[in-house]
Amino acid sequence: MSPNPRLSTPAYLALPAARSGPGVLLIHAWWGLNSFFKQTCDRLADEGFVAIAPDLYDGEVALTVEDAERLRNKPRGEPTYKTLLAAIEQLRAH
């Protein structure tokens, strides 16, 4: 797996050694982009996939159900669909 290149949208991107391959868009649960989802991207990259997990919570991660509910309901500056579309475009670049 290669280190993350600079991204145009907040996301975790894991590249295989070939730096290209089939793409996987991984969408995190309501807890946020935590280590589980980053490790999943890394494992996919180890298998030859380009894996990206966009950060839909702007870097925030929930540790409790109450925090997760708050994050899920928090207004965002960028609509979720735009973040997802930007992540797909980054996948296409690889």
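Residues numbered from 1 in each chain as written. Predicted model: local features only at pLDDT ≥ 70, side-chain atom pairs only at ≥ 80, totals over all residues. Heavy atoms only, no water.

Enquirer: Requested: an account of the overall build of the chain, with residues and values cited.
Expert: Secondary structure assignment for the chain yields three helices and three strands. Walking the chain from its N terminus toward its C terminus, one meets helices and strands in the order β-β-α-β-α-α. Projected onto the principal axes, the alpha-carbon positions of the chain cover approximately 40 × 25 × 20 Å. Burial status across the chain gives 36% buried among its 94 residues. Here the chain has roughly 5600 Å² of accessible surface; of this, 55% comes from carbon and sulfur atoms. Both charge centroids of the chain, one from 10 positive and one from 11 negative side chains, sit 5 Å from each other. (Helix = DSSP H or I, 4+ residues; strand = E, 2+ residues; numbered from the N terminus. Buried < 20%, exposed > 50% of the residue type's maximum accessible area, 1.4 Å probe, protein only. Areas by Shrake-Rupley, 256 points an atom, 1.4 Å probe, with all protein chains shown as cover. Lys, Arg positive; Asp, Glu negative; His and termini not counted. Charge placed at Lys NZ, Arg CZ, Asp CG, Glu CD.)

Enquirer: Could you give me a rundown of the pattern of salt bridges, with the residues and numbers involved?
Expert: On inspection of all chains with the given rule, the structure shows three salt bridges. A salt bridge links E60 to R70; the shortest N-O distance between them is 3.5 Å. Of this pair, E60 sits in the loop between β3 (50-54) and α2 (65-73) while R70 sits in helix α2, placing them ten residues apart in sequence. When its relative accessible area of 41% is taken as the criterion, R70 is described as partly exposed. Its salt-bridge partner being E89, residue R92 comes within 3.3 Å of it at the nearest N-O pair. One end of the pair is R92 and the other is E89, both in helix α3 (residues 80-92) and three residues apart, which spans about a single turn. (Salt bridge = Lys/Arg side-chain N within 4 Å of Asp/Glu carboxyl O.)

Enquirer: I'd like to hear about unusual backbone geometry, residue by residue, with values.
Expert: Note: most peptide bonds trans; most residues except glycine with negative phi. The phi dihedral of R19 is positive, around 65°, even though this residue is not glycine. With respect to the helices and strands, R19 occurs in the loop between β1 (11-14) and β2 (23-25). Since its relative accessible area comes to 40%, R19 is described here as partly exposed. Here D58, not a glycine, exhibits a phi torsion of approximately 55°, which is positive.

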